[in-house]
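# A look at the structure
For reference, the chains in residue letters:
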Amino acid sequence: MRRLFTALQSAIYKLPVASFRSNMAVWTIALLGCMSVSCSDNDTPKASEEPKVTLPKRRMFILNEGSFETNNAGITFYAPSNDANIIGDIYKAQNTAALGQYGQWMVAHRGYIYIAVNGSNYLSMLDNDCVEQRQLSFGSYPELQGGVRDVVAYNDCLYADFYGGMVVKINAKTLEIERMQSGVGNNLEKMTVANGKLYVTNAYKIDDKGTYVYLDEVVVLDANTLEKLNTIKVDMNPNFVLTAGGKVVLVSYGDYYTVGYSLQLIDPQNDTATRLDVQANKCCMWGDKLFFSLSTYNYESNNYTTTFGMYDLQTGSVSKDNILLNAPATLCRESVCMMDVDADTGDLYIGTTDYFSNGDVYRFDSDGRFKEQFETGSVNPKVAVFIDK
């Protein structure tokens, strides 16, 4: 019975998160244009606080998305040098408060950590001890009620995008909104910056019958002005992008049923997309190596099958054998929800989920040898950042 329920929730989680939210909010913000903005009450800094927990020099923070409508997003602390114990929710330990609902993305930039919390619809600025410094709530902006989906950093700015087609440029030090751009797309997912341009995935829209219509475009904006520069045709339902090796790496999710996942490269010099002969739904970069995974669900057997591979951006070669050595058998039967590399060591961290229990993370060294497995302390590990204070 539990496996059947897991299968049903898994299928739901594969749908856009907007299916969990009010469609009315999506339609409302889609009709609104750019408006003049001012700082919200939460744009002011908090009183300076000393960390309640002392952390070692090398730190890994894992953002856990949490589960549906349980307000249980959090941040796991893990010590890559194994010189401190795992803390299941370091955010709560340092700030004596819960992070909120749906931890969507996290990025480290110039001595701070920034977190987009989707359901609670705000942006948090933390120091490297995970003590919150500022918070920007989007709740007072009618045009931003679709919920923040992503945050990326570039120079002195942050960029956030939203369901409803809005992109916002934010001062990274003050969290003041500097510019808004409406009409970028419909329901926006991940972004990345390359060659002074912001690449935004426009994943889907909902038609007047309430049907999900998956789109096939990445919108290119000027990172300074947010002016629309280009629209790139890509595979259906573009969802994840990252910049590596001078290229934009794009994962499209298909329609979750008949059209599968695909991996593409976008050249930021001419904004053309090339499909690779690879299926992937999670990936990360280390140097010129793109590590990827593909988790597929079999509704008849109620099981996941997960495979791993590596794509070399320089040679164009794909390897699927001996990528991971001595991996626990459970890893290939679980749904991968996070892949990140510690750039200092090349260690690969793979997070898995069953959408109910605390997530597991599997750690491999730079040669693909299994090192250890640990539990995050919360549900759905999403993304990790590494800090050397």
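Residues numbered from 1 in each chain as written. Predicted model: local features only at pLDDT ≥ 70, side-chain atom pairs only at ≥ 80, totals over all residues. Heavy atoms only, no water.

## Describing the overall build of the protein chain
Let me state the cut-off plainly: Helix and strand assignments come from DSSP, with helices taken as H or I runs of at least 4 residues and strands as E runs of at least 2, each series counted from the N terminus. Only protein chains enter the accessibility calculation, which uses a 1.4 Å probe. A residue is then buried if its area is under 20% of the maximum for its type, exposed if over 50%, and partly exposed in between. Only heavy atoms enter the contact rule, under which two residues are in contact if any of them lie within 4.5 Å. The accessible surface values rely on the Shrake-Rupley method and a 1.4 Å probe; as for residues, cover is taken only from the protein chains in view.
For the protein chain, the count of helices and strands is 3 helices and 27 strands. Per-residue burial over the protein chain gives 58% buried out of 389 residues. A fraction of 50% describes how many contacts in the protein chain between residues 6 or more apart in sequence connect residues 24 or more apart. Entry remark: accessible area of the protein chain is about 16,200 Å², with carbon and sulfur atoms responsible for 47%.

## Describing the pattern of salt bridges
Which entries qualify depends on this criterion: We define a salt bridge as a contact between a side-chain nitrogen of Lys or Arg and a carboxyl oxygen of Asp or Glu at a distance within 4 Å.
Across all of its chains, the model carries 18 salt bridges by this definition. With a shortest N-O distance of 2.9 Å, R149 and E189 are connected by a salt bridge. With a gap of 40 residues between them, R149 in strand 7 (residues 148–154) and E189 in strand 11 (residues 187–194) connect regions that are remote in the sequence. Sharing partners across several salt bridges, the network here consists of D347, R363, K371 and E372.

## Comments concerning the sheet that holds strand 8 (residues 157–162)
Defined as follows: A pair of strands is treated as paired once DSSP finds two or more bridges between them. Inter-axis angles, ranging from 0 to 180 degrees, are taken between N-to-C directions of lines fitted to C-alpha atoms, where helices are fitted over the stretch in contact.
The strand order across the open sheet formed by 4 strands is 7-8-9-10, and the pairing between neighbours is antiparallel. The sheet terminates laterally at strand 7 and strand 10 (177–181), the two strands that pair on one side only. Put simply, the sheet's adjacent strands are angled 20° from each other on average, direction ignored. Sheet analysis places strand 7 next to strand 8, joined by 6 bridges and oriented antiparallel. Each bridged residue has a counterpart across the sheet, and for D150 the counterpart in strand 8 is D161.

## Here's the deal with the nonpolar core
Applied cut-off: We call a set of buried Ala, Val, Leu, Ile, Met, Phe, Trp, Tyr and Cys residues a nonpolar core when their side-chain atoms join them within 4.5 Å.
With 46 residues, the main nonpolar core has F61, I75, L99, I115 and C283 as its most contacted residues. Judged by nonpolar contacts, the second largest core, of 21 residues, contains V151, L158, M166 and I177.

## Quick word on the environment of S295
Under the convention used in this document: As used in this structure description, the phrase polar contact means that two N or O atoms lie within 3.5 Å; if the pair is within protein, one of them must be able to donate a hydrogen and the other to accept it, and residues adjacent in sequence are counted only when both atoms belong to side chains.
Note on placement: S295 falls in strand 20 (residues 289–298). Among the residues examined, S295 registers a relative accessible area of 3% and is labelled buried. Taking C-alpha positions, S295 is 8.4 Å from C332, a pair spaced 37 residues apart along the chain. The residues touching S295, leaving out its near neighbours within four places in the chain, are Y261, N281, Y304, T305, T306, E334, S335 and V336. Here the side chain of S295 touches T306 through a polar contact of 2.8 Å, side chain to side chain.

## Things to note about the environment of A108
Its location among the elements puts A108 in strand 3 (residues 103–109). Between the C-alpha atoms of A108 and F386, which are 278 residues apart in sequence, the distance is 8.0 Å.

## Focus: the sheet that holds strand 13 (residues 212–222)
Whether parallel or antiparallel, the strands of a sheet pair through hydrogen bonds between backbone atoms. A sheet is described by the order of its strands in space; here 4 strands give the open sequence 11-12-13-14, paired in antiparallel fashion. Looking at strand neighbours, the two that pair on one side only are strand 11 and strand 14 (228–233), the edges of this open sheet. If you compare each strand with its neighbour and ignore which way they point, the axes differ by 25° on average. Pairing of strand 11 with strand 12 (residues 197–206), which is carried by 6 bridges, proceeds in the antiparallel orientation. Opposite L188, over in strand 12, you have N202 as the bridge partner.

## Some remarks on the pairing of strand 25 (residues 360–364)
Of all 5 residues that make up strand 25, 5 are buried, and the element is covered over most of its length. Here strand 25 shows two buried faces, one formed by D360, Y362 and F364 and the other by V361 and R363. One ladder, built from 5 bridges, connects strand 24 (residues 348–353) with strand 25; its direction is antiparallel. The partner of I350 across the bridge, within strand 25, is Y362. In this structure, the hairpin formed by strand 24 and strand 25 is closed by a connection of 6 residues, where Y355 is found at a positive phi of approximately 75°. Here strand 25 pairs with strand 26 (residues 370–375) via 5 bridges, running antiparallel. What sits directly across from F364, in strand 26, is F370. Connecting strand 25 to the next strand, strand 26, in antiparallel fashion are 5 residues, including G368 with a positive phi near 90°.

## A word on the side chain of R149
Residue classification places R149 among the buried residues on the basis of a relative accessible area of 4%. There is a polar contact of 3.5 Å between the side chain of R149 and the side chain of Q104.

## A closer look at unusual backbone geometry
Its identity is not glycine, yet T96 carries a phi of approximately 45°, on the positive side. As for its position among the elements, T96 is in the loop between helix 3 (90–95) and strand 3. One non-glycine residue with positive phi stands out, namely C130, at about 75°. For C130, a relative accessible area of 1% translates into the label buried.

## Description of the confidence of the model for the protein chain
Counted only if it meets this: Confidence scores labelled pLDDT are given residue by residue by the predictor and lie between 0 and 100.
Per-residue confidence for the protein chain averages 89 on the pLDDT scale, and 88% of its residues sit at or above 70. Segment residues 1–44: pLDDT under 50, and 91 contacts once partners within four positions in sequence are set aside and those in other chains are kept.

## Re the pairing of strand 6 (residues 132–137)
The buried fraction of strand 6 amounts to 5 of the 6 residues, a majority that puts the element mostly inside the structure. Between strand 5 (residues 122–126) and strand 6, which follow one another and run antiparallel, lie 5 residues, and C130 among them has a positive phi close to 75°.

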